[in-house]
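Below are the chains, spelled out letter by letter.
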Protein chains: 2
Amino acid sequence: MGEVLPRAERRRRTEGRILDAARSLFAEVGYERATIRAVAGAAGVDPALVMQYFGSKQKLFQQAVRVTPADGGEPGADEVVEHVLGTLGVKMGELPQSSLAMLRSMLTHPEAAASARRLLGEQIDRVAGSLSGDDARLRASLMTLVMLGVTVGHQLLELEELRGVPPEEVARLLRPGLRALAGPEAP
Amino acid sequence: MGEVLPRAERRRRTEGRILDAARSLFAEVGYERATIRAVAGAAGVDPALVMQYFGSKQKLFQQAVRVTPADGGEPGADEVVEHVLGTLGVKMGELPQSSLAMLRSMLTHPEAAASARRLLGEQIDRVAGSLSGDDARLRASLMTLVMLGVTVGHQLLELEELRGVPPEEVARLLRPGLRALAGPEAP
């Protein structure tokens, strides 16, 4: 209200509001149709300020979809399946807006495709690190793509077949396939 | 060359050329960025002719992504797994341009999303028809989304992990999970 904030703090809050608005809009309509004007409108600021703070729509997008990688650890094959399935709990509920924004645009916008490849690559690295065998990276990729397909169908295409299905039920059905991909537990 | 074609035949051929160009372009850059002008250029015709023949970009898109459904039959659970995996042979090689066009745009363009839902729904119906049990549609949906995820990762995101991997190898790795989703073979 009448609170007086230091200039740097005010700027940080405004940037945060713009990024929130950008994430929502990119997630909703994708990169191509999310205009600077619309982002500014949703954040309650002037479009010129968005450009001043972020430089371009592309740079705004990069900031908006930046995700902090999940914490690591070195679990075994069984744990990694449960970890992969555990992310489904989030995914069936509400995926972070930054991930939705990236997924929404990854097939039409080169910048989003690059973000998606990088993020999926990190996920594949993490999963592969817990598997043994020559084709660990291939199997880790397929585990990741299984979850990507389910996430796209549920969160972005909103298929009616998955609506209201409890995540545990989906996890129960996917577990045998993910276990088969993870391979035998290391001794 | 000097061949004289009836007017209707000439129009049919020109329409075919425009649709081919549209499919390629929608598949490559998605709905938003595929302009009528670029389609016309690729087909070697005037943009006005594209509008005259198809009426709007949206109608052109609808025609371009129209897919003839695969033939039915009523296979059992094991056959349906092999059928689902068999489509992978196509998908790991080259998916029809019409399907690529639709997949490319399904997350950002409402018309493409509707096409994708319809097409996935038909696939889910076909697969569910071969499964028994209460949750046949849910399991059929997950089988379909597993293949969607692999297709998106391989064909649209072009993940390096899947580059050059023989389709039979991917099929071998996915088979146990799809079998588990298909459930026990009907007696």
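Since we're looking at a predicted model, the values are computed, not measured.

## Structural notes on the overall build of chain A
In terms of helices and strands, chain A carries nine helices and zero strands. For chain A, the N- to C-terminal ordering of α and β elements is α-α-α-α-α-α-α-α-α. Taken over 187 residues, chain A has a buried fraction of 50%. Sequence separation of 24 or more characterises 73% of the internal contacts of chain A that already satisfy a separation of 6 or more. Carbon and sulfur atoms provide 52% of the accessible area of chain A, an area that totals close to 9000 Å².

## Points about the interface of chain B and chain A
Counting from both sides, the interface comprises 46 residues of chain B and, opposite them, 46 residues of chain A. Together, the buried faces of chain B and chain A total about 3700 Å²; carbon and sulfur atoms form 73% of this surface. A per-residue breakdown of the area chain B buries against chain A is headed by Leu-107, Leu-157 and Glu-161 of chain B, which together make up 20% of the total. Taken together, chain B and chain A are joined by six salt bridges. Residues Arg-33 of chain B and Glu-32 of chain A are paired through a salt bridge, measuring 3.4 Å at the closest nitrogen-oxygen approach.

## A closer look at the relation of the copies chain B and chain A
When chain B is fitted to chain A, the best match, at an RMSD of 0.1 Å, comes from turning it 180 degrees and sliding it 0.0 Å along the axis. Taken together, these values place the two copies in the relation of a two-fold axis. Most of the interface of chain B is mirrored in chain A: 100% of its interface residues are interface residues there too.

## Brief notes about the UniProt feature "DNA-binding region" (unreviewed entry) in chain A
UniProt's feature table lists "DNA-binding region" (unreviewed entry) at residues 35-54 of chain A, given in the numbering used throughout. The annotated region residues 35-54 of chain A carries 80% helix and 0% strand content, and the separation between its end C-alpha atoms amounts to 13 Å.

## Observations concerning the pattern of salt bridges
The full count for this structure, using the stated rule, is 20 salt bridges over all chains. We note a salt bridge from Asp-135 of chain A to Arg-172 of chain B, for which the minimum N-O separation is 4.0 Å. With one member in each of two chains, Asp-135 of chain A in the loop between α7 (110-128) and α8 (136-156) and Arg-172 of chain B in helix α9 (residues 167-182) form a pair that bridges those chains. Through salt bridges with shared partners, a single network forms among Asp-135 and Arg-139 of chain A together with Glu-169 and Arg-172 of chain B.

## Comments concerning α8 of chain A
Residue and element names in this part refer to chain A. Taking 1.5 Å of rise per residue, the 21 residues of α8 would be expected to cover 30 Å, and the 29 Å separating its terminal C-alpha atoms lies within 8% of that figure. Most of α8 sits out of view: 20 of its 21 residues are buried. Downstream of α8 by one or two residues, Glu-158 has phi in the positive range, about 50 degrees.

## With respect to helix α7 (residues 110-128) of chain B
An ideal rise of 1.5 Å per residue puts 27 Å on 19 residues; α7 of chain B measures up with 26 Å between its terminal C-alpha atoms. Where α7 of chain B is concerned, the buried positions are Glu-111, Ala-112, Ala-113, Ser-115, Ala-116, Leu-120, Gly-121, Gln-123, Ile-124, Val-127 and Ala-128 of chain B.

## Digging into the packing of helix α6 (residues 97-105) of chain B against helix α8 (residues 136-156) of chain B
All names here are of chain B. At a closest axis distance of 11 Å, the pairing of α6 and α8 adopts a crossing angle of 100 degrees. Accordingly, the angle class assigned to the pair α6 and α8 is roughly perpendicular. Contacts from Leu-100, Leu-103 and Arg-104 of α6 reach α8 at Leu-148, Thr-151, Gln-155 and Leu-156. Classifying every residue of the contact of α6 with α8 by side-chain character gives four nonpolar, two polar and one charged.

Cut-offs and rules
Residues numbered from 1 in each chain as written. Chains lettered and ligands numbered in written order. Predicted model: local features only at pLDDT ≥ 70, side-chain atom pairs only at ≥ 80, totals over all residues. Heavy atoms only, no water. Helix = DSSP H or I, 4+ residues; strand = E, 2+ residues; numbered from the N terminus. Buried < 20%, exposed > 50% of the residue type's maximum accessible area, 1.4 Å probe, protein only. Contact = heavy atoms within 4.5 Å. Areas by Shrake-Rupley, 256 points an atom, 1.4 Å probe, with all protein chains shown as cover. Buried area = accessible area lost by both parts, 1.4 Å probe. Salt bridge = Lys/Arg side-chain N within 4 Å of Asp/Glu carboxyl O. Least-squares fit on C-alpha atoms with pLDDT ≥ 70 in both. UniProt positions renumbered as here; feature names shortened; annotations may be inferred. Expected span 1.5 Å × (residues − 1). Axes fitted to C-alpha atoms, helices over the stretch in contact; angles between N-to-C directions. Parallel < 35°, antiparallel > 145°, perpendicular 65-115°, else oblique. Nonpolar A, V, L, I, M, F, W, Y, C, P; charged D, E, K, R; others polar.

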